[in-house]
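Results of the structural survey
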Amino acid sequence: MALPKITEARNNLRKSIRPCALLSLLFTKNLSHTHRPICTKTHANIYDSSFHSDLTSITNGFISIFTKKPFSPHSPELNSLSPRLTTQVVESVLNCLKSWKIAHMFFTWASNQRGYKHNCYTYNAMASILSRARQIAPLRAIAMDIVNLRCSMSPGALGYLVRCLGSVGLFDEANVLFDQARMMGLCVPNDYSYNCLLEALSKSNSVDLIEMRMKEMHDYGWKFSKYTLTPVLQVYCNAGKFEKALSIFNDMNEREWVDMHVFSILVLSFSKWGEVDKAFELIERMEDHNIMLNEKTFRVLIHGFVKESRVDKALQLFDKMQQSGYYPDVSLYDVLIGGLCKIKELEKALHLFSEMKQLGIHPDVQVLTKLMTSFSEENKMFQLLEEMQEDIDEEAMSLLYNSVLNALVNNNSIDKAFLLLRAMMGDQSDADVVEHKLPRVKKAICPDTTSFSVVIDGLLKTGKLDSALNIFQHMKQIGCAPNIMIYKNLIDGLCNSNRLEESYELFREMKLSRFEPTRFTYNSIFGCLCRREDVVAALDLVKEMRVYGYEPYTKHSTLLVKGLCKHGRAVEACKFLASMVQEGFLLDIIPYSAAIDGLIKTQEVDRALELFRDICSRGYCPDVVAYNILISGLCKAKRVSEAEDILHEMEVKGLVPSVITYNLLVDGWCKNGDVDQAMLFLSRMFVEDRKPNVITYTTLMNGLCNAGRPDDALVLWNEMGREGCSPNNIAFMALIHGLCKCGRPDTALVYLHQMQEKEMEPDTFVYVALMSSFLCNLNLPLAFEILKEMAGKGNFPDPLDKNCLIVRDAVLKLSEDARTSSRVRNLIAEGRIPKICCSDVKDEVNIRLWKHALARQQAKGQGLTPVLEIVVSSAVPEGKGVSSSASVEVASMAAIAAAHDLALLCQKVENHVVGAPCGVMDQMTSACGEANKLLAMVCQPVEIVGLVQIPSHIQFWGVDSGIRHSMGGADY
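The protein chain goes by GHMP kinase N-terminal domain-containing protein in an unreviewed UniProt entry, where it is assigned to Castanea mollissima. The record in UniProt for the protein chain states the following under Sequence similarities (unreviewed entry): "Belongs to the PPR family. P subfamily."

The next thing to look at is the overall build of the protein chain. Looking only at helices and strands, the protein chain has 50 helices and 2 strands in total. Within the protein chain, the proportion of its 972 residues that are buried is 46%. Intrachain contacts of the protein chain at a sequence separation of at least 6 include 60% that bridge at least 24 residues.

Turning our attention to the pattern of salt bridges. Tallied over the full model, the rule gives 43 salt bridges. Note that E199 is salt-bridged to R163, the shortest N-O span being 3.4 Å. Taken as a pair, E199 in helix 10 (residues 191-202) and R163 in helix 8 (residues 155-167) lie far apart in primary sequence, 36 residues in all. Residue class for E199 comes out buried when judged on its relative accessible area of 10%. Across the pair K215 and D219 runs a salt bridge whose closest N-O atoms are separated by 3.1 Å. Remark: D219 and K215 occur in helix 11 (residues 207-219); sequence separation between them is 4 residues, near one turn of the helix. Comparing K215 with D219, the two get one shared label, exposed. A single salt-bridge network, built from bridges that share partners, covers D179, R182, R213 and E216.

Where helix 6 (residues 120-132) meets helix 7 (residues 136-148), the closest approach of the two axes is 9 Å, and the angle between their N-to-C directions is 160°. The orientation of helix 6 relative to helix 7 falls into the category roughly antiparallel. The handedness of the crossing between helix 6 and helix 7 is left-handed. Across the interface between the two elements, Y123, M126, A127, L130 and S131 from helix 6 touch P138, L139, I142, D145 and I146 from helix 7. Of the residues in the contact of helix 6 with helix 7, the class split is 8 nonpolar, 1 polar and 1 charged.

What follows covers unusual backbone geometry. Between K69 and the following residue, P70, the backbone shows a cis peptide bond with an omega angle of -5°. When you line up the elements, P70 lands in the loop between helix 2 (49-67) and helix 3 (76-81). A positive phi angle, close to 60°, is found at E256, a residue other than glycine. Mapped onto the elements, E256 comes out in the loop between helix 13 (242-254) and helix 14 (260-272). Of note, E759 is a non-glycine position whose phi angle comes to about 60°, a positive value.

Below, the discussion takes up helix 9 (residues 171-183). In this model helix 9 runs 19 Å from its N-terminal to its C-terminal C-alpha over 13 residues, within 8% of the 18 Å that 1.5 Å per residue would give. Along helix 9, the positions that sit buried rather than exposed are A174, N175, L177, F178 and A181. Projection of helix 9 onto a plane perpendicular to its axis shows the buried side chains occupying an angular sector of 160°, all on one side. Along helix 9, the residues that are exposed and aim more than 90 degrees away from the buried face are D172 and M183. Its buried side turned inward, helix 9 meets helix 7, helix 8, helix 10 and helix 11.

A surface patch of nonpolar side chains, amounting to about 380 Å² of accessible area, comprises L934, V948, I954 and F956. The exposed category is assigned to F956, whose relative accessible area is 59%.

This brings us to the side chain of S128. Mapped onto the elements, S128 comes out in helix 6. Accessibility expressed as a relative area gives 7% for S128, which makes it buried. Here R132 takes part through its side chain, which lies 2.7 Å from a polar atom of the side chain of S128.

Along an α-helix, residues three or four apart share an orientation, since each turn contains 3.6 residues. Helix length check: helix 13, at 13 residues, gives a terminal C-alpha distance of 19 Å against a target of 18 Å (1.5 Å per residue), a fit within 8%. Among the residues of helix 13, A245, I248, F249 and M252 are the ones counted as buried. With its buried residues spanning 100° around the axis, helix 13 presents them on a single face. Among the exposed residues of helix 13, those pointing more than 90 degrees away from its buried face are E243 and E254. Those residues of helix 13 hidden inside the fold are in contact with helix 12 (226-238), helix 14 and helix 15 (276-288). Positive phi shows up at E256, right after helix 13, with a value of about 60°.

A separate point is the packing of helix 16 (residues 295-307) against helix 17 (residues 311-323). In a packed pair of helices, the relevant descriptors are the angle between the two axes and the axis-to-axis distance. At a minimum axis separation of 8 Å, helix 16 and helix 17 run at an interaxial angle of 165°. When the interaxial angle is binned, helix 16 and helix 17 end up roughly antiparallel. Like other packed secondary-structure pairs, helix 16 and helix 17 cross with a definite hand, here left-handed. Contact with helix 16, carried on its side by E295, F298, R299, L301, I302, F305 and V306, involves V311, K313, A314, L317, F318, K320 and M321 of helix 17 and no other residues of that element.

With that settled, consider the packing of aromatic side chains. Throughout the structure, instances matching the rule amount to 26 aromatic pairs. Among the aromatic residues, those joined into a ring-pair cluster are F62, F66, F71, F106 and W109. Sitting over the face of the ring of F280, K313 holds its NZ or CZ atom 4.6 Å from the ring centroid.

Moving on, we get to the state of the cysteines. Evaluated as defined, the whole model comprises 0 disulfides. Summary of cysteine pairing: C120 is not part of a disulfide, and the nearest cysteine sulfur, belonging to C151, is at 5.5 Å. Among the residues examined, C120 registers a relative accessible area of 4% and is labelled buried. C446 supplies the cysteine sulfur nearest to C480, a cysteine that is in no disulfide, at a spacing of 6.7 Å. Residue C480 is classed as buried on the basis of its relative accessible area, which comes to 12%.

Confidence in the prediction for the protein chain averages 82 pLDDT; 86% of positions are at 70 or higher. Low pLDDT (under 50) marks residues 1-47, which in the prediction has 79 contacts with non-local residues, meaning those over four places away or in another chain. Counting interchain partners and residues more than four positions distant, the pLDDT-below-50 stretch residues 968-972 has 6 contacts.

Each value, and the rule that gives it
- Residues numbered from 1 in each chain as written.
- Predicted model: local features only at pLDDT ≥ 70, side-chain atom pairs only at ≥ 80, totals over all residues.
- Heavy atoms only, no water.
- UniProt positions renumbered as here; feature names shortened; annotations may be inferred.
- Helix = DSSP H or I, 4+ residues; strand = E, 2+ residues; numbered from the N terminus.
- Buried < 20%, exposed > 50% of the residue type's maximum accessible area, 1.4 Å probe, protein only.
- Contact = heavy atoms within 4.5 Å.
- Salt bridge = Lys/Arg side-chain N within 4 Å of Asp/Glu carboxyl O.
- Axes fitted to C-alpha atoms, helices over the stretch in contact; angles between N-to-C directions.
- Parallel < 35°, antiparallel > 145°, perpendicular 65-115°, else oblique.
- Left-handed = near helix turned anticlockwise from the far one by under 90°.
- Nonpolar A, V, L, I, M, F, W, Y, C, P; charged D, E, K, R; others polar.
- Expected span 1.5 Å × (residues − 1).
- Arc of directions from axis to C-beta.
- Patch = residues over 30% accessible without salt bridge, like charges linked within 9 Å, V, L, I, M, F, W, Y side chains within 5 Å.
- Areas by Shrake-Rupley, 256 points an atom, 1.4 Å probe, with all protein chains shown as cover.
- Polar contact = N/O pair within 3.5 Å; in protein donor to acceptor, adjacent residues only side chain to side chain.
- Phe/Tyr/Trp six-rings, centres within 6.5 Å; stacked < 30°, edge-to-face > 60°.
- Lys NZ or Arg CZ within 6 Å of the ring centre and 35° of its normal.
- Disulfide = S-S within 2.5 Å.
- pLDDT = per-residue confidence, 0-100.

Here is the structure:
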């Protein structure tokens, strides 16, 4: 396309706008040289020397007055100059003023002068200043003034103003101004005006608007040029219209309109879309056309390629950039080294690092940090750290050491981080360097708060609380102020270790250091108090938390409630919740559910119901879990009808009962002896689309067997299979036990074999049930086969288990029957039946067993077991039920092993030697009791709660009933 010559005035204008906009600042060929250009210099006589001298004098006068402080709009000098105000003067003054504020003030003042009126060139001069200063509001006002004052404009002036608006994002204003100027007859736009509008709209990413203006331009008969299609390409690229962008590019390429700017638009878009290979291919095509990227585009592309993890292409582009004569700086090396470190190309990263140093580019801390923290081998990281100690200043070195400390902590090398921190303070020994392969610190680097924070945090995470506290004290000694994170983490560590007093001390210190404790810190202490079940202290703390507006964590309140309930203090838990409400805290439903569960476990079902009704009346909406807890409690209390009412209430409130809910009611009706009602709930589950699970079927089969309906149980078993519900261990064992209870051991045996075929291991309970049922049916041979299988697997009940007595009776019966006697005695002789299970077999069997045991012991070369005789003197009456045997055991054991857990050892003697299946209560009393005190304890698990002093006015007396007490015969 033939282009007219650009006048000197136009060249001046080109200097005042951004370089990227110069591509569009060309006049169309139908504009004659007599047309006024869009620049601010307007008439030929501007070059007359006398006129120019006068214009300069007036301009300088206005500039002097408006830049003088304070400015006075009524000064005599200004009044004398105002009659000489012209549009040429206004343009000249505006172009000379450096401050947009002063320029705008002058422009506004001129607007109000009698006999003066702005023209399109003065408006454009002011618009240019405001667009460069990005002053959107006054620029928008200028666009409105032009229309409101019906200021005529040339096509070039209109295009220039549109571009000014577009450069600051006033796309709608540019679009409206263009239409209004045309419709009101203020301007007849030409192709240049349209090109300027397209350039402005290209920044809006509005594809529809661009395409509409292109069609409009075509309809008016204006031909498309390079400067028409370039903004169209830009908007397609910005909007991600890949195919349309390529179509425009190919069209421009055919017309030989593609230049560096056009190539850059497309290649940057390829990079933005993640099409790195296509972008690189396009760059090589540019080179074939002798079109090279500029420095800014090289940098943007390298960053984009690295972001897409295509460091290989970024490095190739980096080489092209250097070949083009552009010199990289530290920021470019930073992004490339960072990209290589990210993909673990450490050798290439080190090569770039060496190249930097050869070029005299000093690497900053970011580059070094990325390099060092990328090494999986700590030795290389330490080697690089040693090399850099002389090259960077102390502040940078401190940052570098902090990054190394952080890397060590992340690699779980906490001990090395701890030693390196000490080395930074000048406390490093040769032994530490050699043993732990640490870098040698050539000069002390004063660690900062970050250094200590990293190491303390690492020590706390690995449970080294005391080391963290030691570092904390050292930190304060060298005058390094702890931050709030250090206090927070240390207090939390102390609380988690149940070191409450120390955490309180640090908490007070934190406040004295003018750090306001955070919600997390308060909750750390609150959690410790809750774990201790210290209700009073916990309530005191939440009062303080309320002052700061902090909420206690629900998990801690729930933990306290559960702990209290676990120890039978459910009522106290309810009082705690009430106190929390009084303090103004709106608690979650979870701690209330825990309290309801605790009340139920202590048989306080009515109180649980009362609490449930109370929270509902206060606006709480209990969830399915809360309802399930209540339903479970009512079912266990055999108040199943009330539980069913709760289910109905639950459904009325819009909650959907879960399978667990139905299972609880099924279990409740079964245990209440109404299995038919339970079966109705099974049908209801199908209706409600709640698929029964294996627990549902197992509970019902157990209930049917308990009701003497084994055939119905077997029907249900088959239905369970048809519904796709696979039986588990518990289901098999429940069915087998139920069939045995109904006198159907032969059928039960079939299911035992099925269970074993599925590689499910039955427990002792199943074997005992089968053996007992066969014995009841007088089928002793099959009962023996079950015993034999038990012996083969070593599957016998624990001596404390009541089933142990059943097995012992079964062994005795089988040993007395002619069909099974010899085989039972063989099992006993072989030691395959525990002694506790055959202690009632006749004496001759015991003698034979003793001899057999001695023979085995001698065969092993162990000799005879040594015998110990002990004389015990006791004042505890024998056989009166006052722990006489336990007293003897404790006294004897105290003489043997005074340092051991006597009560538990004595219980073992009672169970395994004497053969009495007792608990540990008597032994605990004899071992730990004190005169005139009651012993509070929990037997399962063994736990001493404490001693209770008996008031002096209370005495206890034991009355001999005359009935002899025998532990061996009691049903424990």
